[in-house]
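Letter by letter, the chains look like this.
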There are 2 protein chains.
Amino acid sequence: MYGWVAPLDVSTSHSLKLRTLKPTHNPLFTLLSVENFQPRKLLKALSLGPPHCEHKHQLLSVPPRKMRSMTLVDPWLQTSSSVFNHPTQTQYRSFLALIQSPIKSTPTWPNYRSTPLAISAVITKEETATEDETQNPTTFNFKTYMAQKASLINRALDEAVSLKDPPMIHEAMRYSLLAGGKRVRPVLCLAACELVGGGHHHSAAAAALPAACAVEMIHTMSLIHDDLPCMDDDDLRRGQPTTHKAFGEDVAVLAGDSLLAFAFEHLSTATVGVPPARILAAVGELAKSIGTEGLVAGQVVDIISTGISTVGLGLDQLEFIHVHKTAVLLEASVVLGAILGGGSDEQVERLRRFARCIGLLFQVVDDILDVTRSSEELGKTAGKDLAADKATYPKLMGLDKSREFADKLNEEAKEQLSGFDPDKAAPLVALADYIAYRQN
Amino acid sequence: MYGWVAPLDVSTSHSLKLRTLKPTHNPLFTLLSVENFQPRKLLKALSLGPPHCEHKHQLLSVPPRKMRSMTLVDPWLQTSSSVFNHPTQTQYRSFLALIQSPIKSTPTWPNYRSTPLAISAVITKEETATEDETQNPTTFNFKTYMAQKASLINRALDEAVSLKDPPMIHEAMRYSLLAGGKRVRPVLCLAACELVGGGHHHSAAAAALPAACAVEMIHTMSLIHDDLPCMDDDDLRRGQPTTHKAFGEDVAVLAGDSLLAFAFEHLSTATVGVPPARILAAVGELAKSIGTEGLVAGQVVDIISTGISTVGLGLDQLEFIHVHKTAVLLEASVVLGAILGGGSDEQVERLRRFARCIGLLFQVVDDILDVTRSSEELGKTAGKDLAADKATYPKLMGLDKSREFADKLNEEAKEQLSGFDPDKAAPLVALADYIAYRQN
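Residues numbered from 1 in each chain as written. Chains lettered and ligands numbered in written order. Predicted model: local features only at pLDDT ≥ 70, side-chain atom pairs only at ≥ 80, totals over all residues. Heavy atoms only, no water.

- Chain A goes by Geranylgeranyl diphosphate synthase in an unreviewed UniProt entry, where it is assigned to Escallonia rubra.
- Its UniProt record gives chain A a comment under Cofactor (unreviewed entry), which states: "Mg(2+)".
- UniProt annotates chain A under Pathway (unreviewed entry) with the comment "Isoprenoid biosynthesis." (UniProt positions renumbered as here; feature names shortened; annotations may be inferred.)

Brief notes about the overall build of chain A
Then, number 1: Along chain A, the regular secondary structure elements total 18 helices and seven strands.
Then, number 2: Within the span of chain A, comprising 440 residues, buried residues form 57% of the whole.
Then, number 3: Within chain A, counting contacts between residues at least 6 apart in sequence, those at least 24 apart form 71% of the total.
Then, number 4: About 18200 Å² of surface is accessible on chain A, with carbon and sulfur atoms providing 52% of the total. (Helix = DSSP H or I, 4+ residues; strand = E, 2+ residues; numbered from the N terminus. Buried < 20%, exposed > 50% of the residue type's maximum accessible area, 1.4 Å probe, protein only. Contact = heavy atoms within 4.5 Å. Areas by Shrake-Rupley, 256 points an atom, 1.4 Å probe, with all protein chains shown as cover.)

Examining the interface of chain A and chain B
Then, number 1: Counting residues at the interface gives 44 residues for chain A, matched by 44 residues for chain B.
Then, number 2: Between chain A and chain B lies a buried interface of about 3800 Å² when both sides are counted; carbon and sulfur atoms form 80% of it.
Then, number 3: The largest share of the area that chain A buries against chain B comes from A:L254, A:L280 and A:T292, three residues that together contribute 16% of it.
Then, number 4: Linking chain A with chain B are two salt bridges, by the criterion used here.
Then, number 5: Notably, a salt bridge pairs B:E293 with A:K164, separated by 3.8 Å at the nearest N-O pair.
Then, number 6: For the pair chain A and chain B, the number of links is four residue pairs in polar contact (both at pLDDT 80 or more).
Then, number 7: Elements with a contribution of two residues or more to the side of chain A that touches chain B: α5 (167–177), α7 (201–226), α9 (249–270), α10 (276–290) and α11 (295–305) of chain A.
Then, number 8: The element best represented in the side of chain A that touches chain B is α9(A), accounting for twelve residues.
Then, number 9: Residue classes in the side of chain A that touches chain B are distributed as 27 nonpolar, nine polar and eight charged. (Buried area = accessible area lost by both parts, 1.4 Å probe. Salt bridge = Lys/Arg side-chain N within 4 Å of Asp/Glu carboxyl O. Polar contact = N/O pair within 3.5 Å; in protein donor to acceptor, adjacent residues only side chain to side chain. Nonpolar A, V, L, I, M, F, W, Y, C, P; charged D, E, K, R; others polar.)

Examining the packing of helix α12 (residues 315–340) of chain A against helix α13 (residues 345–372) of chain A
For any two helices packed against each other, the geometry comes down to the angle between their axes and how far apart the axes lie.
All names here are of chain A.
Then, number 1: At their nearest, the axes of α12 and α13 sit 8 Å apart, and the two run at 140 degrees to each other. Taken together, the axes of α12 and α13 lie oblique to each other. Crossing geometry of α12 relative to α13 is assigned as right-handed. Of the residues in α13, those in contact with E319, H322, V323, T326, A327, L330, E331, V334, V335, A338 and I339 of α12 are V348, L351, R352, A355, R356, G359, L360, F362, Q363 and D367.
Then, number 2: Residue composition of the contact of α12 with α13, grouped by class: twelve nonpolar, four polar and five charged. (Axes fitted to C-alpha atoms, helices over the stretch in contact; angles between N-to-C directions. Parallel < 35°, antiparallel > 145°, perpendicular 65-115°, else oblique. Left-handed = near helix turned anticlockwise from the far one by under 90°.)

A closer look at the pattern of salt bridges
Then, number 1: What the rule picks out here adds up to 32 salt bridges over all chains.
Then, number 2: Linking A:D302 and A:K325 is a salt bridge whose minimum nitrogen-to-oxygen distance equals 2.9 Å. With a gap of 23 residues between them, A:D302 in helix α11 and A:K325 in helix α12 connect regions that are remote in the sequence.
Then, number 3: For B:E331, the salt bridge is made with B:R352, and the minimal N-O distance between the two is 2.8 Å. Placement of the pair is B:E331 in helix α12 (residues 315–340) and B:R352 in helix α13 (residues 345–372), with a sequence separation of 21 residues. B:R352 matches B:E331 in its accessibility class, with the two residues each being buried.
Then, number 4: Ionic contacts of the salt-bridge type, sharing partners, join the residues A:E285, A:E331, A:E349, A:R352 and A:R356 into one network.

Considering the relation of the copies chain A and chain B
Then, number 1: Relative to chain B, chain A is turned by 180 degrees and slid 0.0 Å along the rotation axis, the superposed coordinates differing by an RMSD of 0.1 Å. The superposition operator between the copies reduces to a two-fold rotation axis.
Then, number 2: A share of 100% of the interface residues of chain A reappears at the interface of chain B, consistent with the copies meeting face to face through the same patch. (Least-squares fit on C-alpha atoms with pLDDT ≥ 70 in both.)

Focus on the side chain of A:E331
All names here are of chain A.
Then, number 1: According to the relative accessible area criterion, E331 is buried, its value standing at 11%.
Then, number 2: Among the polar contacts listed, one links the side chain of E331 to the side chain of R352, at a separation of 2.8 Å.
Then, number 3: Leave out the neighbours within four places in its chain, and E331 touches R352, A355 and R356.

Points about the side chain of B:Q363
All names here are of chain B.
Then, number 1: Within the secondary structure, Q363 sits in helix α13.
Then, number 2: Overall, the relative accessible area of 11% leaves Q363 in the buried class.
Then, number 3: Q363 has contacts with H322 and T326, leaving out every residue within four places of it along the chain.

What about the nonpolar core?
Then, number 1: In terms of nonpolar packing, the biggest core is built from 210 residues, with A:M217, A:L286, A:L351, B:M217, B:L286 and B:L351 touching the most fellow members.
Then, number 2: If we skip the residues at most four places from it in the chain, A:L351 touches A:A192, A:L195, A:V196, A:V334, A:A338, A:L417, A:F420 and A:L428. (Core = buried A, V, L, I, M, F, W, Y, C linked by side-chain atoms within 4.5 Å.)

Thoughts on unusual backbone geometry
Residues and elements named next belong to chain A.
Then, number 1: Here D165 and P166 are connected by a cis peptide whose omega angle stands at -5 degrees.
Then, number 2: Its identity as a non-glycine residue notwithstanding, R183 has a phi of 60 degrees, on the positive side.
Then, number 3: Along the chain, the position of R183 falls in the loop between α5 and α6 (184–196).
Then, number 4: In this structure R183 comes out as buried when scored by relative accessible area, which is 2%.

A short note on the packing of aromatic side chains
Residue and element names in this part refer to chain B.
Then, number 1: Taken as a whole and assessed by the stated rule, the structure comprises nine aromatic pairs over all chains.
Then, number 2: When the centroid spacing of 5.2 Å and the interplanar angle of 75 degrees are considered together, the rings of Y175 and F247 count as edge-to-face. Within this pair, whereas Y175 is found in helix α5 (residues 167–177), its partner F247 is found in helix α8 (residues 243–247), the two being separated by 72 residues in sequence.
Then, number 3: Judged by relative accessible area, F247 falls into the buried class, the value being 11%.
Then, number 4: Sitting above the plane of the F362 ring, R438 keeps its charged end 4.3 Å from the centroid. (Phe/Tyr/Trp six-rings, centres within 6.5 Å; stacked < 30°, edge-to-face > 60°. Lys NZ or Arg CZ within 6 Å of the ring centre and 35° of its normal.)

Focus: a negative patch on the surface
Then, number 1: Together, A:D400, A:E404, A:D407, A:E411 and A:E415 make up a negatively charged patch on the protein surface.
Then, number 2: The residue A:E404 is located in helix α17 (residues 399–415) in this model. (Patch = residues over 30% accessible without salt bridge, like charges linked within 9 Å, V, L, I, M, F, W, Y side chains within 5 Å. Lys, Arg positive; Asp, Glu negative; His and termini not counted. Charge placed at Lys NZ, Arg CZ, Asp CG, Glu CD.)

Side note on α11(A)
Then, number 1: Along α11(A), eight of the eleven residues are buried, which leaves the element largely enclosed by surrounding structure.
Then, number 2: Turning to α11(A), its buried residues number three or more, namely A:L295, A:V296, A:A297, A:G298, A:Q299, A:V300, A:V301 and A:S305.

Re the packing of α13(B) against helix α17 (residues 399–415) of chain B
Residues and elements named next belong to chain B.
Then, number 1: Axis separation between α13 and α17 bottoms out at 8 Å; the angle between their running directions is 155 degrees. The angle between the axes of α13 and α17 places the two elements in the roughly antiparallel class. Between α13 and α17 the crossing geometry is left-handed. Of α17, the residues touching α13 (which contributes R350, F354, C357, I358, L360, L361, V364, I368, V371 and T372) are L399, S402, R403, F405, A406, L409, N410, E412, A413 and E415.
Then, number 2: For the contact of α13 with α17, the residue count by class is 13 nonpolar, three polar and four charged.

A few points about the state of the cysteines
Then, number 1: All chains considered together, the criterion is met by zero disulfides over all chains.
Then, number 2: Residue A:C213 stays outside any disulfide, its sulfur separated by 9.1 Å from that of A:C189, the closest cysteine. (Disulfide = S-S within 2.5 Å.)

Comments concerning the environment of A:E216
Residue and element names in this part refer to chain A.
Then, number 1: Tracing the chain through its elements places E216 in helix α7.
Then, number 2: For E216, a relative accessible area of 1% puts it in the buried group.
Then, number 3: Note: C-alpha distance between E216 and K408 (192 residues apart in sequence) is 28 Å.

A closer look at the confidence of the model for chain A
All names here are of chain A.
Then, number 1: For chain A, per-residue confidence averages 72 on the pLDDT scale, and 61% of positions sit at 70 or higher.
Then, number 2: For residues 1–137, every residue scores under 50 in pLDDT, and the model assigns this stretch 271 contacts once sequence neighbours within four places are set aside.
Then, number 3: For this predicted complex, the interface confidence score (ipTM) comes to 0.70, while the overall pTM stands at 0.71. (pLDDT = per-residue confidence, 0-100.)

Here's the deal with the environment of A:L177
Residue and element names in this part refer to chain A.
Then, number 1: Structurally, L177 is set in helix α5.
Then, number 2: Separated by 46 residues in the primary sequence, L177 and L223 place their C-alpha atoms 10.0 Å from one another.
Then, number 3: Contact partners of L177, with chain neighbours within four places excluded, come to L157, V161, R183, E216, M217, T220 and L259.

A few points about the environment of B:Y437
Residues and elements named next belong to chain B.
Then, number 1: Structurally, the position occupied by Y437 is in helix α18 (residues 422–437).
Then, number 2: C-alpha separation for the pair Y437 and A413, spaced 24 residues apart in sequence, amounts to 14 Å.
Then, number 3: Setting aside anything within four residues of it in sequence, one finds Y437 in contact with D407 and N410.

Set out below in structure tokens:
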């Protein structure tokens, strides 16, 4: 079913530097990581191939725009939507690809007749840590922490939802899942796991890595379904066409469904070194955060409220929608990490309260930014809530009181962390501050 | 949030006979079961109330048509779609209701000001076993077995997805979930559990009851999403308007999502008396049957194949679609039951092969019936596949060979059961024969 593509020509003529080679679960493929490259040059390297390779022409005819996720699979070649849309001269930090294994130090063309292969590539936009930042372990560097975790999560997501048969649905799942985002939910999950995990940070986080991927899958799934024409009818998400615009409504519905199901498959089968009872508790928590006590409840009350002037909504109802649409999954992220890390019931409950506070904080700050910042600063249309006459915290309680409320929520959140080792709690404290003081 | 409704007047004047009273998980409610009633009389009994009760009038103004599922909740009263559409004189066998507890033997009006209550009712159309059939335990009576299990499952589903806040989404979930159906998947799940469970039949089945509900939730969820306008665009399902026709597309998408999530919540939290490792394995199996190796894969390849003349499909592709759209969930149903019943790895694998055979058998027989039976006999349009020039087994291998293939599959299925106690295997043998020899 899979076609072939020329392997990366990693010679210096294309300024591509081979960084790491890592075997993957599939013996056919090796994880190839390249750093410091320009998309156009990479494309060229990827497109060189035997003369009768038709796909290289197809590939080169795509305007080199912003490049996010790339999939070269025959006969299902997807070139229309998610591939290559970026200004030519931009230099990217890293590039991950799956390539036929074993790769040779001097690449040659694969015997494409007998060894079909697929290549899947993801560009990570997150900055990698500089050496300066990593050399001082005594002070907590939030930026470095976030970048390291996001990079870990991006790689894990890329491996978890790999390109398999049938390719179209996997490409649709990857399209939105790997389109970037700050990865706040999975980072919260890993941080909570490390906080209660006792032992070595790395292994503690490993216990929660499949769970961290699962919460991001659920988040992505909810975005895909919320963007559907019959729901919020959005055309753009994270600067690229929404999934149904790129793949059609039917595939978007199915991509959401399979991400939802796969989150549970991944959590239940890929979590290792954790007693089954804990994993099972995590499954129950995650499921609860999605259905009629979680994301779906928020969305359905939002739908019911349409037609009612949203200003007519009281603080209670506003909070219900926000808590369910935003806070519940943040809560699940933290709680899953705490459960899988082996936290006591009391620790899990403290972290649950922490997560509820930052979940609401997230929304209060969003509302404040909407009235105080320009569109340019936000990276999205400012004053939208005001124009839509939408109920917001500044509208319902005034700007000053909203800021006080935000401060109070941040304080309450941090109080929940007071019983923990301050060094280990540093990432969650910094995440709360990040949510409270962010400028966009 | 919940309003009130008068309790059932179970006096003889309405020919309603109180059968069972069973406490539910919610201390506010008691499960009330009534047998032999007419919908209109029941409606009247339900609608009698204090003079200022507005809802009784709303309720009575609904034409007494076929009554399937009834929900009386204030202020979200749902009277428009799923309620009361049946010829007046039809006598129904049983009626289940949740009613405020404790119920008094001589019902009086509840103190509705201080004790708001909700009532949720489901009419079960399945015939209950007659006494003759249950008095001879030595021979296996398939009809009785199916009726008993279906009734058990219907009650369990009704309790699992109860009416809660927000009501609209729960009503939408219940609308399709409780609309009937033969409950083949959950019965397979219970039967497999009993087969490997060793001990007392009743307790063995109890271990798999939440799993049996979960597979029916997944089946229903797939029907709701497959019926959407952007998918198969169907208006009718099981003789009533599809979920999106009754509740709107947005609610249909969300009802499917929450049924999908709730299946995992229910399986992971409501299964009792089973080691966590087994439940976790069941979660993984169920998840796998939904995503890109299960239902979604079948649907997406079906979508891709649209436009290609389906006759152009080979037997391989036809089988891929059928296996994924039908057989995989049947397989999961059986495997979940076997795992939760404590079956050995070998027993689980034997039952998995059994399920694969009957899954394919199901489709082969469907194709045969489409060309050999009239629409009246089938209860749906006959010859549809032929008219649509669709690839079917009779078309690809001829009618005789298709029948041979069906016999072979049935035989293969039964071979897998040969190592088990014949008495305990009787339900699965009968289920295979039912699938093979059904006439519609």
